[in-house]
Each structure stands twice: as C-alpha cells, then as structure tokens.
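The primary structure of each chain is shown beneath.
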Amino acid sequence: MQLASSGGRRLRHAALVARELALETGRTVTRKELSAAARDAVKALDLPTTPRVVLSELVACWGEQEWERLLVWPSNDYLVGRTALTDRAIRKSIRRLIDLGLIIPKDSPNGKRYAVRDLAGEIIDAFGFDLTPVYARRGEWTKLLIEQKQLRQIQKQAFDEVTICRRAAEEAINALAEHYPEIDRTALEEDLKALKARTPARSKASLPAGLIDAWSLLRSRAEQVFLDAGNGGTRFRHTNNNNGSPSEPCNKGFPKKAEAVRSTEQPPEHLSPELILEACPAIGDYGQPVRDLADIVSAGRYLRASLGAHESAWAEAVEEVGPVRAAIAVIYVLQLYEDDAARNGGESRIKNPGGYFRALTRMVKAGKIDLSVELLAMRRRRMS
C-alpha cells in the first residue's frame, strides 16, 4: 500500500510529517473509534464549522478494512451532496485539514479518487485521503483537551476573583453612602467606574494584566474607608489586655470562648443551642463541640468566613444586634445557602451570602425578621 502522494497536488510539510504516523501493528480501527478521535481533534484544534463538517463526512466513509492505513476515497461531488457545501468550500476545507496534519492526500495519476481491486474484486488499496493521523494522534488530542480545561478553570477562577472583589467594593461604597454620607466617596466611585470599563465579559479569553490586583486594591481601600469611618477616624480601637506569659501558646485554628453574652442580649428561652443544632446542621463545619451560647458565638464568628463576609460585616452585626444574634444569623444564612444548593443541583440562588448576611442583620435589627421563628420553621422543614 503506497503512502506518498503520486503528484498533482502541491507538496505540504504537514502532510510529510503526518505520513510518519502509523497504527499499532495488527490494529483494526472501527468507525466508532475513528469518530471519537475526530471529535476530540475538532475540540482540541477548535476547528471552524466547514472543515469540521468535511472531516466528519470523511470519517463516515471509513469502511473498517483491515489495512495499515485508514484510506477513504469520496469524490468532491459526493461531499458536496452530503454537506450542502460548495465545491470551492470543500477544496478549501481539505487544504485546511492537510495543513493541520489531520489527513494525508494520496492522489492517483489522473487526480481521481478510487479503490484498487485485485482479480477477485477485493479492494486492496485506494487513492484518496489517509485518515491515519486523526486516530494516531489521539493522545495529543487528549493532552490538548486537558490543557484547555485547566486553562478554562484558571480563567474562571480569575473572573470569579474579580467578581468577588467588585461586589465587595460596591457593597462597601454603598454602605458608606448609606451610613456615612458625609464621607467623600468620589475617588472610590471613579476608580470603580474605570475598573468596570476595563473588565471584559466572561466570554473573553483572558483578563488584562494587573486587573485582579487593581480590583483587590480597590476592595481593600473601600473596606478600609468604611472601617475607619466606623471607628470614628481612629484606625485601631483594640486594646491588648493579654497579661499572660508570652510563651503561652495560642489557638490559631479556632477562636476561644467568645465574648461574654450580656444579660441584655440573652435571646428568648426557646432560642437555645439545641434548637440551632437541630435546625442548622451546617454548624458542624465549625468542628468543635457546641454546648452553650458562648460556643454559638464562637461558631458564628468562625463560620463568617464561609459566607465570604468581611470582618466589617461581623463587626457591624455585633454592634447592631449583639454577638448572639449575629452568630445565629451567620449560621442561619450558611444553612439556607447549603439547603438551596442541595435543592438546585449544587448551585444556590444566593449568589452573595455575605451580602445576604448583612441584609438579614439589618432586617433583624428593624424587627422585620424574628430569628427564633425562622429557626423553628427551618427545624420543622428538616424534620418533615
């Protein structure tokens, strides 16, 4: 069986390279296997529609002969009838497939494509196109597809990071406007508008260099301005009351007992740790025993990060409704998020749990939501 083109077609480097590819000895390739390799090649090389259709029709012509090469010999008229493409489009697509090293031309002396038969009428050879590279390079297609998937994941993470920073910056600026309207927000709002203009849609291939850092910086600036405004212009209000030994180890994994629960902050008697544990099994992410309200506060403060809520959101909630209700709000929102994701195939309708937590805290303060009622209802749903 001949391998080389016998003339009439311009010699192409890709065709010579592809000619070196061969099947495993004794390997018989089915049409199904060849089709699977062709689909992977199409995805890996991101082939346009026209060459993809032509390649699909060439693969469909493979008769599963036990040959060393995968030869097919459809005429251009046949391909035109099967694809509804013009003869010119067929020729152009074939040149594209040759240049990509997917097929090898094997031309006859008269330029026609046909099968060669022996005296008994059995097909022993053919002039047309050799599809061996499509199947022989299947390992290359798999590698390219894995790399493309990894690249898409990296790009998704980058866009996700930008989205998180953008929402956090907008939330901080809106909070400044709501709570501290006297603070000048002009520079922050202008930077926000400029960054939005620079940020492409997710359909784009990649983000401009330095854009993630710019969004992260804007978020930090906006949140710091809000924090400073809440501290009355004093950057730090914490007083160090730790008089213990400097060699005494600290627990960096989980917070110690939370701040004492003042009598004025005690919730109704039926709003107990037992109710919270029964209604919100998500508190198990805390990883520590929960016995009393102080443990509830510690769990809420620890799980706050799971919502993507900034420390300023926790500080605001503690100031507005007290540490107990702030912690219960964190646990309640986390359980809502997980329950909604479980009902919707892993994707929750709560797109910004941190913002949901802020809004819930404000509604609790305004008396629009009673956490004890919500937890009792959640427990009833879970028990039913």
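All of these numbers come straight from a predicted model, not from anything done at the bench.

1. Focus: the overall build of the protein chain
For step 1, the next point in the chain: Within the protein chain one finds 14 helices and four strands.
For step 2, the next point in the chain: In the protein chain, 71% of the contacts between residues at least 6 apart in sequence involve partners at least 24 apart.
For step 3, the next point in the chain: Here the protein chain has roughly 22,100 Å² of accessible surface; of this, 51% comes from carbon and sulfur atoms.

2. Comments concerning the packing of helix H11 (residues 293-303) against helix H12 (residues 311-343)
For step 1, the next point in the chain: In contact at an axis separation of 8 Å, H11 and H12 are set at 85° when each is read in the N-to-C sense. Taken together, the axis directions place H11 and H12 in an arrangement best described as roughly perpendicular. Of the residues in H12, those touching H11 at Leu293, Ile296, Val297, Gly300, Arg301 and Leu303 are Trp314, Pro323, Val324, Ala327, Ile328, Val330, Ile331 and Leu334.

3. What to know about the nonpolar core
If you look at soluble globular proteins, the nonpolar side chains tend to sit buried side by side.
For step 1, the next point in the chain: If you look at the biggest cluster of nonpolar residues, it comprises 38 residues, and the most contacted ones within it are Ile296, Phe357, Leu360 and Leu375.
For step 2, the next point in the chain: Mapped by element, the contributors of at least two residues to this core are helix H10 (273-279), H11, H12, helix H13 (353-365) and helix H14 (371-383).
For step 3, the next point in the chain: Tallying contributions element by element places H12 first for this core, with 15 residues.
For step 4, the next point in the chain: Among the nonpolar cores identified, the runner-up in size contains 27 residues, and Ala41, Leu70, Leu79 and Leu97 belong to it.

4. Some details on the pairing of strand S3 (residues 114-117)
For step 1, the next point in the chain: As paired elements, S3 and strand S4 (residues 123-130) share four bridges and run antiparallel to each other. Within S4, the position partnered with Ala115 by the bridge is Ala126.
For step 2, the next point in the chain: Where S3 folds back on S4, the antiparallel hairpin that results is connected by five residues, among which Gly121 adopts a positive phi of roughly 90°.

5. Section: the packing of helix H7 (residues 138-179) against helix H8 (residues 186-198)
For step 1, the next point in the chain: Between H7 and H8, the shortest axis-to-axis distance is 11 Å and the interhelical angle comes to 155°. Here H8 runs roughly antiparallel to H7, going by the angle between their axes. Between H7 and H8 lies a crossing of left-handed hand. Where H7 abuts H8, its residues Arg166, Glu170, Ile173 and Leu176 lie against Leu188, Glu189, Leu192 and Lys196.
For step 2, the next point in the chain: Of the residues assigned to the contact of H7 with H8, the class counts are four nonpolar, no polar and four charged.

6. Regarding the side chain of Asp130
For step 1, the next point in the chain: By secondary structure assignment, the location of Asp130 is in strand S4.
For step 2, the next point in the chain: Classification of Asp130 as buried rests on a relative accessible area of 4%.
For step 3, the next point in the chain: Polar contacts involving the side chain of Asp130 include one to the side chain of Arg69, which spans 2.7 Å.
For step 4, the next point in the chain: Those residues in contact with Asp130 that sit more than four places away from it in its chain are Arg69, Leu70, Leu71, Leu102, Ile103 and Ile104.

7. Examining the confidence of the model for the protein chain
For step 1, the next point in the chain: Summary statistics for the protein chain give a mean pLDDT of 80 and a share of 81% for residues scoring 70 or more.
For step 2, the next point in the chain: For the protein chain, helix H1 (residues 13-19) is the element with the lowest average pLDDT, namely 52, and helix H3 (residues 49-60) is the one with the highest, namely 93.
For step 3, the next point in the chain: Here residues 1-8 scores under 50 on pLDDT; set against residues more than four positions off or in separate chains, the count is 20 contacts.
For step 4, the next point in the chain: Confidence drops under a pLDDT of 50 for residues 234-269, and excluding neighbours within four residues, the segment shows 44 contacts in the predicted structure.

8. As for the packing of aromatic side chains
For step 1, the next point in the chain: Taken as a whole, this structure holds three aromatic pairs when the rule is applied.
For step 2, the next point in the chain: Measuring from ring centre to ring centre gives 5.7 Å for Tyr180 and Phe226, while their planes differ by 65°; the resulting arrangement is edge-to-face. With Tyr180 in the loop between H7 and H8 and Phe226 in helix H9 (residues 211-230), this pair connects stretches of sequence that are 46 residues apart.
For step 3, the next point in the chain: The exposure class assigned to Phe226 is buried, which follows from its relative accessible area of 8%.

9. Considering the pattern of salt bridges
For step 1, the next point in the chain: A full pass over the atoms with the stated rule returns 20 salt bridges.
For step 2, the next point in the chain: Here Arg185 and Glu189 are joined by a salt bridge, their closest N and O atoms 3.2 Å apart.
For step 3, the next point in the chain: On the accessibility criterion, Glu189 (36% relative accessible area) is partly exposed.
For step 4, the next point in the chain: Salt-bridge contacts for Glu316 lead to Arg362; the nearest nitrogen and oxygen are separated by 3.2 Å. Residue Glu316 is located in helix H12, and its partner Arg362 is located in helix H13; the two are separated by 46 residues in the primary sequence.
For step 5, the next point in the chain: What makes Arg362 partly exposed here is its relative accessible area of 29%.
For step 6, the next point in the chain: The structure contains a network of salt bridges with shared partners spanning Glu171, Glu178, Glu316, Arg358 and Arg362.

10. Description of a positive patch on the surface
For step 1, the next point in the chain: A cluster of basic residues, Arg88, Lys92, Arg95 and Arg96, forms a positive patch at the surface.
For step 2, the next point in the chain: The topology assignment puts Arg95 in helix H5 (residues 87-99).

11. Focus on unusual backbone geometry
For step 1, the next point in the chain: Of note, the phi angle at Glu64 is positive, near 60°, even though the residue is not glycine.
For step 2, the next point in the chain: Relative to the helices and strands, Glu64 is located in the loop between H3 and strand S1 (71-72).
For step 3, the next point in the chain: Phi is positive for Ala84, close to 65°, though the residue is something other than glycine.
For step 4, the next point in the chain: For Ala84, the position within the fold is in the loop between helix H4 (76-83) and H5.

Calculation notes
Residues numbered from 1 in each chain as written. Predicted model: local features only at pLDDT ≥ 70, side-chain atom pairs only at ≥ 80, totals over all residues. Heavy atoms only, no water. Helix = DSSP H or I, 4+ residues; strand = E, 2+ residues; numbered from the N terminus. Contact = heavy atoms within 4.5 Å. Areas by Shrake-Rupley, 256 points an atom, 1.4 Å probe, with all protein chains shown as cover. Axes fitted to C-alpha atoms, helices over the stretch in contact; angles between N-to-C directions. Parallel < 35°, antiparallel > 145°, perpendicular 65-115°, else oblique. Core = buried A, V, L, I, M, F, W, Y, C linked by side-chain atoms within 4.5 Å. Buried < 20%, exposed > 50% of the residue type's maximum accessible area, 1.4 Å probe, protein only. Pairing = 2+ DSSP bridges. Left-handed = near helix turned anticlockwise from the far one by under 90°. Nonpolar A, V, L, I, M, F, W, Y, C, P; charged D, E, K, R; others polar. Polar contact = N/O pair within 3.5 Å; in protein donor to acceptor, adjacent residues only side chain to side chain. pLDDT = per-residue confidence, 0-100. Phe/Tyr/Trp six-rings, centres within 6.5 Å; stacked < 30°, edge-to-face > 60°. Salt bridge = Lys/Arg side-chain N within 4 Å of Asp/Glu carboxyl O. Patch = residues over 30% accessible without salt bridge, like charges linked within 9 Å, V, L, I, M, F, W, Y side chains within 5 Å. Lys, Arg positive; Asp, Glu negative; His and termini not counted. Charge placed at Lys NZ, Arg CZ, Asp CG, Glu CD.

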